[in-house]
Amino acid sequence: MSKPLAQKVALVTGGSRGIGAAIVRRLAAEGAQVAFTYGRSRKQADALVREIRRHGGRARAYAADAAQPKLLPRVVKRVLKDFGGLDILVNNAGVFLGGKIGEIKAADYEQVMRINVDAVFHLTNAAVRVMGPGGRIINIGSVLGERATGPDMSVYNASKFAVAGFTRSWAKDLGGRGILVNAVQPGPIHTEMNPETGAHADFMRSMTALGRYGRTEEVAGAVAFLAGPDATYITGATLNVDGGWNA
Ligand code: NDP
C-alpha cells in the first residue's frame, strides 16, 4: 500500500475495538503515526499497538474515559508531547442506549450525550488550537444522524444529529484556517455495538439497499479518503457508508 499519510499524526477516539480499531489500522497502513484512546478495553488497545509496531508503524494508546469529557484536552497535550503535532482527528468513540421517551432513564440520556456529544466538543475544541493548515477532522456520525428510522432511538438519534450539526458548523469555523471537517455516517456495521445476528439484525439488513451489514474496514476506507490527499476540496460534507440505508 502507498503511504499517502506519511508524516501525519492522527488521533482516533475509541480505537480499541470495532470501527475505531479498523480506522487505526487503516491510517497506520497508509503511513500515519496513530494515537488512539480507549475506555475499558486496555488489553485490546495494547494488542493493537503491538500489531501496528510489528508492521513497522508507530502507535500509542491513551486511557481516556469519554464520559469525563472535560478531561479530554489532556489527551491532546499528551499527543503533542509524544508525537510533536496533530494533523488528523477522528471522533469515533460512541455508545448506543435505547428506550422510548417517557421510559428512558435520565442517567442513560446523560451518558449518551456525554460520550457522543460532549466528548466530541471538548476534544475538538482543544485539538483545533494546535492543528495547522491541512488539518482534518472526521466525525463518525450515523445514518440515525439524518433521520429517525424506528422507535426507541431518540437519544442516540439526537446525539448523532448534534454530531452532524457540529460537522457543518465547524467546516465554516475552520475553513479560513485550511482545516477540513467532514462526517462519515455508517449504516449497520458488524461490531459489538451492532452484531449481525438475531431479529434486530434482520431489520437492519432489510433497511439497506444492499441487504447486508457493512464491515468495519469499509468505514475505515472512507475515513482514510477524507483524511488523505484526494479530499482537499471537501469540507462540511457527510459521506454515508450505509449500503443505501439513507438513499
Ligand atoms: P463498539 O461498541 O464496537 O466500539 C466502541 C468504541 O468506543 C470502543 O473502542 C470503546 O472503547 C469506545 N468507547 C465507548 N465508550 C467509551 C468511553 N466512555 N470512553 C472511551 N472510549 C469509549 O462500537 P462501534 O465500533 O460500532 O461504533 C463506533 C462509532 O460508530 C460510534 O460512534 C457509533 O455510534 C458509530 N456507529 C456505529 C454503527 C454500527 O452499526 N456499528 C452504525 C452507525 C454509527 P472501550 O471498549 O475501550 O471502552
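It should be noted that the structure appears before, not after, this text.
Residues numbered from 1 in each chain as written. Predicted model: local features only at pLDDT ≥ 70, side-chain atom pairs only at ≥ 80, totals over all residues. Heavy atoms only, no water.

(A) A look at the overall build of the protein chain. When you go through the protein chain residue by residue, the secondary structure sums to seven helices and seven strands. In the protein chain, the succession of helices and strands from N to C terminus is β-α-β-α-β-α-β-α-β-α-β-α-α-β. Scaling as 2.2 N^0.38, a compact globule of 247 residues should have a C-alpha radius of gyration of about 18 Å, and the protein chain matches this with 17 Å. Oriented by its inertia axes, the alpha-carbon framework of the protein chain measures out at about 45 × 40 × 35 Å. Approximately 11,800 Å² of the protein chain is accessible, and the part contributed by carbon and sulfur atoms is 52%. Computed over 31 positive and 20 negative side-chain charges, the inter-centroid distance for the protein chain is 8 Å. (Helix = DSSP H or I, 4+ residues; strand = E, 2+ residues; numbered from the N terminus. Rg over C-alpha atoms; globule rule 2.2 N^0.38 Å. Areas by Shrake-Rupley, 256 points an atom, 1.4 Å probe, with all protein chains shown as cover. Lys, Arg positive; Asp, Glu negative; His and termini not counted. Charge placed at Lys NZ, Arg CZ, Asp CG, Glu CD.)

(B) Focus on helix α5 (residues 154-174). Here α5 is 21 residues long and its end C-alpha atoms lie 30 Å apart, about the 30 Å a rise of 1.5 Å per residue gives. All of the buried residues along α5 are Val155, Tyr156, Asn157, Ser159, Lys160, Val163, Ala164, Thr167, Trp170, Ala171 and Leu174. (Expected span 1.5 Å × (residues − 1). Buried < 20%, exposed > 50% of the residue type's maximum accessible area, 1.4 Å probe, protein only.)

(C) Broad picture of the pairing of strand β3 (residues 59-63). Pairing analysis gives five bridges linking strand β2 (residues 33-38) to β3, with the strands arranged parallel. For Thr37, the partnering residue across the bridge sits in β3 and is Tyr62. Handedness of the β2-helix α2 (residues 42-54)-β3 crossover: right-handed. (Pairing = 2+ DSSP bridges. Right-handed = clockwise from strand over helix to strand, strands pointing away.)

(D) Region of the structure containing the nonpolar core. Residues Val12, Ile23, Leu27, Val90, Ile138 and Val184 are the most contacted members of the largest nonpolar core, which totals 33 residues. Only β1 (9-12), α1 (18-29), β2, α2, β4 (88-91), β5 (136-140) and α7 (216-227) provide two or more residues apiece to this core. Setting aside its immediate chain neighbours within four residues, Leu27 contacts Leu5, Ala10, Val12, Ala32, Val34, Val90, Ala224 and Ala227. If you look at the next biggest cluster of nonpolar residues, it comprises 28 residues, including Val9, Leu123, Val128 and Ile179. (Core = buried A, V, L, I, M, F, W, Y, C linked by side-chain atoms within 4.5 Å. Contact = heavy atoms within 4.5 Å.)

(E) Just empty space enclosed by the protein, in detail. Evaluated as defined, the whole model comprises one cavity of 30 Å³ or more. Approximately 40 Å³ is the volume attributed to the largest cavity. If you go around the largest cavity, the residues you meet are Asn91, Asn92, Ala93, Asn116, Val120, Ile140, Lys160 and Val163. Going through the elements one at a time, α4 (106-127) and α5 are the ones with two or more residues in the lining of the largest cavity. (1 Å grid on protein atoms, 1.4 Å probe; cavity = no way out; pocket = protein on both sides within 12 Å on 5 of 7 lines; lining within 4 Å. Points joined across faces, edges and corners; volume = space filled by probe spheres on them.)

(F) The pairing of β5, seen in detail. Summarising burial for β5: five of the five residues are buried, a large majority. Across the two faces of β5 the burial is the same, with Arg136, Ile138 and Ile140 and Ile137 and Asn139 all buried. Judged from the four bridges that link them, β4 and β5 form a sheet pairing that is parallel. Residue pairing across strands places Ile88 opposite Arg136, the latter belonging to β5. Once you follow β4 into α4 and on to β5, the crossover reads as right-handed. Crossover handedness for the path β5 to α5 to strand β6 (residues 180-186): right-handed.

(G) Representation of the site of the ligand. Around the ligand, the surrounding shell holds 31 residues, and the nearest of these are Ser41, Ala66, Asn92, Tyr156 and Thr191. In the environment of the ligand, an oxygen atom lies 2.8 Å from a nitrogen or oxygen atom belonging to the side chain of Ser16. Here Arg40 contributes a backbone N or O atom positioned 2.8 Å from an oxygen atom of the ligand. Contributions of two or more residues to the shell around the ligand are made by α1 and α5. (Near = heavy atom within 4 Å. Polar contact = N/O pair within 3.5 Å; in protein donor to acceptor, adjacent residues only side chain to side chain.)

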